[in-house]
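One-letter residues, chain by chain:
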Amino acid sequence: MADTGVAETLLRRLEKADDGVDSVEVSGSLGVDHQLVVGAVKSLQALGDIISAELRSSKHWELTGEGKEIAEQGSHEARVFSSVPAEGLAQTELMKLAFGKVGFSKAMSNKWIRVDKAHEGGPRIFKAVCIESIEDQVREKLLLVQKGQASQLEEKEKNELKKRKLLSEVTVKSYWITKGDSFSTTITKQETELTPEMIASGSWKEKKFKPYNFEAMGVAPDCGHLHPLMKVRTQFRQIFLEMGFTEMPTNNFIESSFWNFDSLFQPQQHPARDQHDTFFLSDPALAHQFPQDYLERVRKVHSEGGYGSQGYKYDWKIEEAQKNILRTHTTAVSARMLYKLAQQKFTPVRYFSIDRVFRNETLDATHLAEFHQIEGVVADYGLTLGDLMGVLHQFFTKLGITKLRFKPAYNPYTEPSMEVFSYHEGLKKWVEVGNSGVFRPEMLLPMGLPEDVSVIAWGLSLERPTMIKYGINNIRELVGHKVNLQMVYDSPICRLDS
Amino acid sequence: MFSTTFEEYTEYSNLNLFFTMLPVIARDHSALTPKQTSEKEIISREQGDSKASGASEVILYKIDVPANRYDLLCLEGLVRGLQVFRNKIEAPRYRRVSPASGELQRLVITKETEAVRPHAVAAVLRNITFTQDRYDSFIELQEKLHQNICRKRSLVAIGTHDLDTISGPFTYTAKPPGDICFKPLNQTKEYTATQLMSLYKTDSHLRHYLHIIEDKPVYPIIYDSNGIVLSMPPIINGDHSKISLKTKNVFIECTATDLTKAKIVLDMMVTMFSGYCSQPFTKEQLSSDFINRKVGISESTDRIAQLLTRMCLRSQPTGACDNIEVEIPPTRPDVIHACDIMEDAAMAYGFNNITRTTPRAYTIANQFPLNKLTELLRQDLAAAGFTEALNFALCSQEDIADKLGKKISETRAVHISNPKTAEFQVARTTLLPGLLKTVAANRKMPLPMKLFEISDVVLKDETKDVGVRNSRRLCAIYYNKSPGFEVIHGLLDRTMQLLEVKPGQGDGYHIQASDDCTFFPGRCAEIIVHGKSVGRLGVLHPDVINRFELTMPCSALEIDIEPFL
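In the annotation of an unreviewed UniProt entry, chain B is listed under the name Phenylalanine--tRNA ligase beta subunit and assigned to Myripristis murdjan. Under the UniProt heading Cofactor (unreviewed entry), the note attached to chain B is "Mg(2+)". Annotation of chain B in UniProt includes, under Sequence similarities (unreviewed entry), the sentence "Belongs to the phenylalanyl-tRNA synthetase beta subunit family. Type 2 subfamily."

Chain A is annotated in an unreviewed UniProt entry as Phenylalanine--tRNA ligase alpha subunit from Myripristis murdjan. According to the UniProt record, the Subunit (unreviewed entry) comment for chain A is "Heterotetramer; dimer of two heterodimers formed by FARSA and FARSB." Quoted verbatim from the Subcellular location (unreviewed entry) field of UniProt, the annotation for chain A is "Cytoplasm".

Next up, the structure:
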């Protein structure tokens, strides 16, 4: 409310007006800038229903600076005509005048003047013989516009003057102001905020309060944030816990090849055990402690078979099993847990883990050398393939995925092995969401588990569902130091089933 | 040693049928999920649209073959598998036949090969009629096997020869490279093995295999009875015995470091291109009840035998109880246990047709205490105004040592022997470098930056079976125009409050001045809890700040949270 004076004057005018007033007219008659009147309109609007204002826009023609000069002093060509005396004027002299150049050519084309090129002392200009006086049409047209009678001119004429940069068309925005329901000519000052004093004195009852702008954003709270991948991890933990799965201790990134591969009946020449796929350690290069009798049973099942299996029939080497690596899957921990379970009296178990695994792979927008593996394991008497698919169905239902299909796959330590596909509504196709299978007897029986116990398991990565959930295309924006912190600050809570 | 006779194929005439069948088959034969593409599409994807114009638009089907099913790697095997599955033909039986002359070929292995590549097996395919397509498929199968089960020729290498250009018996031996001299495939003159190795150094294909024998004192070599070189496995064949479209009788040799794999590879080569081979069938007996129980279905014994037969495992109920006798052809080396047969029955039944059930056992869930503590602390650190970062467990030596003003030998770090880049040299021993790198990558964000991470670091520890253990750490940093030691100290106080540790000597926690090269002198303190150090806090040394390409003062805290369990 910069100028209550203007606002009050406006209200008094409005009181006298029959229907309403135009803001441009008001500013004209008050002799103040139009913006000042607009400001007064806005502040009156903010006070409630005192006035109502309708935004209008109109186009009108206005003289440019040059146009104003011509309206005042005549067109360039007219001024050229009048500055030529009877005895003529040297062309060079004429050109020295401000209006000389433009005026000369226009006057020539109007045939008001002539040039005597052969005149001694250079070309000389004379008034055309037959013309006594001229009619300065340009000036007259401009004067009409200046008087606000532009409508008398034809469009063509106006456009021609516009081309000569004498006229310009301007859009004027104005308010058509009418009385509001609670119209009054007096203005009460509004309070911005409720104060302790007002509450104490009760003065708030008489005061009017300035309305809030509910369009504006609030002030961002000063707070910390959890990482989106970890938020998703928390949800997956929650799902497993809801389903009665106990968390495995996966806080051992370094594993021996024995637990990572051999115990899982993964042969020693398997490509996953290559330098290209697995990170090996140079220090400490070897693990030095194994359950000896179990190790012997593992050696035997690989090299000679047993437990109803022919084995892989190759020369199994302890040197290969001893090699320390960064674990390539958390299934290494599942193997340790199942071995531990086999050393006790068997009871059915459900295990899960979500932790880091490492692959010495080629990196791209969706693959890193380390990622989080989610793994679920169920061990019980007489589990079937139908049970595995049933558990997976329950698990994925909790993620909001109900359409599942299974495709045969190959995995050295599970048989049958199944890739799990879910129908992606967005992509309109089946996408792979995980891997699953029934652990082979060659893995379980050497551990000492009872023969009629089956173990079903499945795994998936944590990063992939998180990237889909949060719409992230480059994994480096999510994991690692190149994370986009703004993304972390802005990420919503994670509910996987919605 | 065995020889074989070639059976004339009928499959080729059925090619069109095969392709029109595929999408239909995919619906119930879920092992094969064909993806459609075309030569044009492939070229356009790999080399751009301009190169693709004019290429064939005939639809190609891409089929995912499980890594243990070598018998599906060539068109012949795949077609046969589908035909049997569709009940169009019966599962083939393979048997060995003797040549008309009655005399079998022989391959003699000498003991010199033990030093380099000790095993070899061989077979003969007789009366073959190659067409261009069959010849290409034959070569392609050989190459796929080389890349797959043969582990890029290191385990097994296959050589194929025109039997009519050579005469047995053959000798597989090993000789010093200087003593080997022959004209290799597609060359015009003779080379010694030593010369060959340098010749192929620049060969885009063969150079990948040289390392397999390069450093050995002797190289493997196969001769015929006239001293003609058949091949120098696993590198190159001789030019003399090369096969062509006109070849009628093919001699196949597989040399290997793994005998089981060599036999599998030879069986594949032979069975895919013949109807007969020597190996008798392995017969297995199992009960239909076993399959029903493991899969979770209840089918009759007859029906299960039918399911298996459709998967090329000829099966018949024996009549005794619910027993089924299953013939395992040499094309199926992946079948080593009854569970492998059970899987085929489940596949033939269709995974998606199995009723989904729920395991009935009642189990009580437990959280891993360390993870439970971590989850709870993370929530409250975020509530304290710090934002969670998540950094890699692997990093460079520089990150955990030089940049922090420490020596790598002081760190107890484990070292990786085969990192592809410096980013994967070691496992981190501290969380601090990761947080500093996170700040450096987010310098555009408003100050102050308050970050934390609760994760594992990896430390050498002789008491563990692998000589290493993880250690769960909490690290936090405050990065602003002023160091904000009091902020980080306040976070320590808050953390201790959350962990119910009171300030004070002895039973509580306190901090005491300490020296550490990572921190600014006089601005570092040791955190003592119950009389033991659990970590440090302080203002980082300006050199450390510089080395992480930062410009502002920074204070940090790192503690081990395992003592609070």
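K.L.:
Can you walk me through the overall build of chain A in this structure?
P.N.:
From N to C terminus, chain A includes 19 helices and 16 strands. With 498 residues in all, chain A has 50% of them scored as buried. Sequence separation of at least 24 residues holds for 69% of the intrachain contacts in chain A that already meet a minimum separation of 6. Split by element, the accessible area of chain A, about 24300 Å² in all, is 51% carbon and sulfur.

K.L.:
Would you mind showing me how to read the packing of helix α9 (residues 288-295) of chain B against helix α11 (residues 338-349) of chain B here?
P.N.:
Working note: a packed helix pair is described by the angle between its axes plus the distance between those axes. Residue and element names in this part refer to chain B. In contact at an axis separation of 10 Å, α9 and α11 are set at 70° when each is read in the N-to-C sense. Regarding the angle of α9 to α11, the classification is roughly perpendicular. As α9 runs across α11, the sense of the crossing is right-handed. When α9 is examined against α11, the residues F290, I291, K294 and V295 are found in contact with a partner set consisting of A338, C339, M342, A345 and A346. Split by residue class, the contact of α9 with α11 holds eight nonpolar, no polar and one charged.

K.L.:
Got a minute to help me understand the sheet that holds strand β17 (residues 387-388) of chain B in this structure?
P.N.:
Strands belonging to one sheet form pairs held by backbone hydrogen bonds; the direction of such a pair is parallel or antiparallel. Residue and element names in this part refer to chain B. Ordered by their spatial adjacency, seven strands build an open sheet running β17-β21-β22-β26-β25-β24-β23, and the pairing between neighbours is mixed. Each edge of the open sheet is held by one strand with a lone partner, namely β17 and β23 (509-513). Strands in contact with helix α14 (residues 432-441) are β21 (449-460), β22 (468-479), β25 (532-540) and β26 (554-560); relative to β22, the strand with the most contacts, it is inclined by about 35°. Against the sheet, helix α15 (residues 485-498) engages β22, β23, β24 (519-529), β25 and β26, with an angle of about 25° to β26.

K.L.:
Explain the confidence of the model for chain B to me, please; I cannot follow it from the model alone.
P.N.:
Note that predicted coordinates carrying low pLDDT should not be read in detail. All names here are of chain B. The share of residues in chain B with pLDDT of 70 or more is 85%, and the mean pLDDT across the chain is 83. Per-residue pLDDT stays below 50 along residues 1-34; that stretch engages in 93 contacts with residues further than four places along the chain or on separate chains. Note that residues 275-280 has pLDDT below 50 and, in this model, 26 contacts with residues that lie over four places away or in other chains. Overall fold confidence (pTM) sits at 0.70, and the ipTM for the predicted complex is 0.72.

K.L.:
Whenever I open this one, helix α13 (residues 292-303) of chain A confuses me. Can you help?
P.N.:
Two residues of an α-helix separated by three or four positions point the same way, owing to the 3.6 residues in each turn. Residues and elements named next belong to chain A. The first and last C-alpha atoms of α13 sit 16 Å apart over 12 residues, in line with the 16 Å expected at 1.5 Å per residue. Lining the buried residues of α13 we find α12 (257-260), α14 (318-322), α15 (331-342) and α17 (441-447). Looking one or two residues beyond α13, the residue adopting positive phi is G305, at roughly 90°.

K.L.:
Looking at this structure, I do not really get the pairing of β24(B). What am I missing?
P.N.:
In the case of a regular strand, side chains alternate between the two sheet surfaces. All names here are of chain B. Sheet topology places β23 next to β24; five bridges connect them, and they run antiparallel. From the neighbouring strand, Y509 faces β24, where its bridge partner is V529. Adjacent in sequence and paired antiparallel, β23 and β24 are bridged by five residues. Bridge count for β24 against β25 is seven bridges, and the pairing is antiparallel. The residue of β25 that forms the bridge with V529 is K532. Here β24 folds back onto β25 in antiparallel fashion, the turn holding two residues, of which H530 has a positive phi close to 50°.

K.L.:
Teacher, can you tell me more about the side chain of N442(B) here?
P.N.:
Examined against the element boundaries, N442(B) turns out to sit in the loop between α14 and β21. At a separation of 2.9 Å, a polar atom in the side chain of N442(B) contacts the main-chain carbonyl oxygen of V483(A). Apart from residues no more than four positions distant in its own chain, N442(B) is found in contact with H481(A), V483(A), N484(A), L485(A) and M449(B).

K.L.:
Looking at this structure, I do not really get the pattern of salt bridges. What am I missing?
P.N.:
If charged atoms from side chains of opposite charge come close, those side chains can pair. Inspection of every chain in the model, using the stated rule, returns 42 salt bridges over all chains. A salt bridge links R237(A) to E247(A); the shortest N-O distance between them is 2.7 Å. Taken together, the residues R237(A) in helix α11 (residues 228-242) and E247(A) in strand β7 (residues 246-247) connect sequence positions 10 residues apart. By relative accessible area, R237(A) is classed as buried at 6%. Exposure remark for E247(A): the relative accessible area of 6% places this residue in the buried category. Connected through salt bridges with shared partners, the residues R233(A), E375(B), R378(B) and E388(B) form a single ionic network.

K.L.:
For this particular structure, what's the right way to read the interface of chain B and chain A?
P.N.:
Often, the extent of an interface is quoted as the loss of accessible area on bringing the components together. At the junction of the two partners, chain B supplies 93 residues and chain A supplies 103 residues. Between the two partners, chain B and chain A, sit six salt bridges. Our enumeration of links across chain B and chain A arrives at 56 residue pairs in polar contact (both at pLDDT 80 or more). Top element by residues in the side of chain B that touches chain A is β21(B). It accounts for eight residues. For the side of chain B that touches chain A, the per-class residue count stands at 40 nonpolar, 28 polar and 25 charged. As paired elements, strand β9 (residues 281-283) of chain A and strand β19 (residues 415-416) of chain B share two bridges and run antiparallel to each other. Its bridge partner lying in β19(B), L281(A) is registered against I416(B).

K.L.:
Even after reading the chapter, I still don't get the pairing of strand β5 (residues 124-127) of chain A, so can you show me in this structure?
P.N.:
By the bridge criterion, two bridges tie strand β3 (residues 89-90) of chain A to β5(A) in an arrangement that is antiparallel. Each residue of the ladder has a partner; that of L89(A), found in β5(A), is I125(A).

K.L.:
Sorry, what's going on with the environment of N546(B) here?
P.N.:
Along the chain, N546(B) turns up in helix α16 (residues 542-547). Linking N546(B) and K403(B), residues 143 residues apart in sequence, is a C-alpha distance of 8.9 Å.

K.L.:
What am I meant to see in the sheet that holds β3(A) here?
P.N.:
All names here are of chain A. The strand order across the open sheet built from three strands is β3-β5-β4, with neighbouring strands paired in antiparallel fashion. The sheet terminates laterally at β3 and β4 (113-116), the two strands that pair on one side only. Both β4 and β5 contribute to a ladder of four bridges, which runs antiparallel. Along β5, the bridge assignment pairs V115 with I125. Running over the sheet, helix α7 (residues 100-109) touches β4 and β5 and is turned about 105° from β4.

K.L.:
Would you explain the packing of aromatic side chains in this entry?
P.N.:
Residues and elements named next belong to chain A. As enumerated under the stated definition, the model contains 24 aromatic pairs over all chains in all. With 5.6 Å between their ring centres and 80° between their planes, F258 and Y294 make a pair best called edge-to-face. Here the residue F258 occupies a position in helix α12, and Y294 occupies one in helix α13, the gap between them amounting to 36 residues. Here the two residues F258 and Y294 agree in accessibility, since each one is buried.

K.L.:
Where do I start with unusual backbone geometry in this structure?
P.N.:
The bulk of non-glycine residues show a negative phi, and the bulk of peptide bonds are trans. With omega at -5°, the peptide bond leading from E415(A) into P416(A) counts as cis. Omega for the peptide link from P233(B) to P234(B) comes to 0°, which places this bond in the cis form. Positive phi outside glycine occurs at N186(B), with the angle close to 60°. Mapped onto the fold, N186(B) is located in the loop between β8 (181-182) and β9 (191-192). Positive phi, close to 70°, is recorded for C312(B), a residue that is not glycine. Mapped onto the secondary structure, C312(B) falls in the loop between α10 (301-310) and β15 (315-317).

K.L.:
Just to check I follow, could you spell out the side chain of Q269(A) for this structure?
P.N.:
With respect to the secondary-structure elements, Q269(A) resides in the loop between α12 and β9. Polar contacts involving the side chain of Q269(A) include one to the side chain of D258(B), which spans 2.8 Å.

K.L.:
Sorry if this is basic, but what is going on with the nonpolar core here?
P.N.:
Membership of the largest hydrophobic core comes to 99 residues, with the highest contact counts inside it found for F236(A) and F395(A). Counting residues per element, this core draws most heavily on α11(B), at eight residues. Beyond its immediate stretch of four places on either side in the chain, F395(A) contacts F236(A), I239(A), F240(A), M243(A), I374(A), W458(A) and L460(A). Counting 53 residues, the second largest nonpolar core, distinct from the first, contains M248(A), Y314(A), A393(B) and V468(B).

Here is what the cut-offs are and how they apply
- Residues numbered from 1 in each chain as written.
- Chains lettered and ligands numbered in written order.
- Predicted model: local features only at pLDDT ≥ 70, side-chain atom pairs only at ≥ 80, totals over all residues.
- Heavy atoms only, no water.
- UniProt positions renumbered as here; feature names shortened; annotations may be inferred.
- Helix = DSSP H or I, 4+ residues; strand = E, 2+ residues; numbered from the N terminus.
- Buried < 20%, exposed > 50% of the residue type's maximum accessible area, 1.4 Å probe, protein only.
- Contact = heavy atoms within 4.5 Å.
- Areas by Shrake-Rupley, 256 points an atom, 1.4 Å probe, with all protein chains shown as cover.
- Axes fitted to C-alpha atoms, helices over the stretch in contact; angles between N-to-C directions.
- Parallel < 35°, antiparallel > 145°, perpendicular 65-115°, else oblique.
- Left-handed = near helix turned anticlockwise from the far one by under 90°.
- Nonpolar A, V, L, I, M, F, W, Y, C, P; charged D, E, K, R; others polar.
- Pairing = 2+ DSSP bridges.
- pLDDT = per-residue confidence, 0-100.
- Expected span 1.5 Å × (residues − 1).
- Polar contact = N/O pair within 3.5 Å; in protein donor to acceptor, adjacent residues only side chain to side chain.
- Salt bridge = Lys/Arg side-chain N within 4 Å of Asp/Glu carboxyl O.
- Phe/Tyr/Trp six-rings, centres within 6.5 Å; stacked < 30°, edge-to-face > 60°.
- Core = buried A, V, L, I, M, F, W, Y, C linked by side-chain atoms within 4.5 Å.

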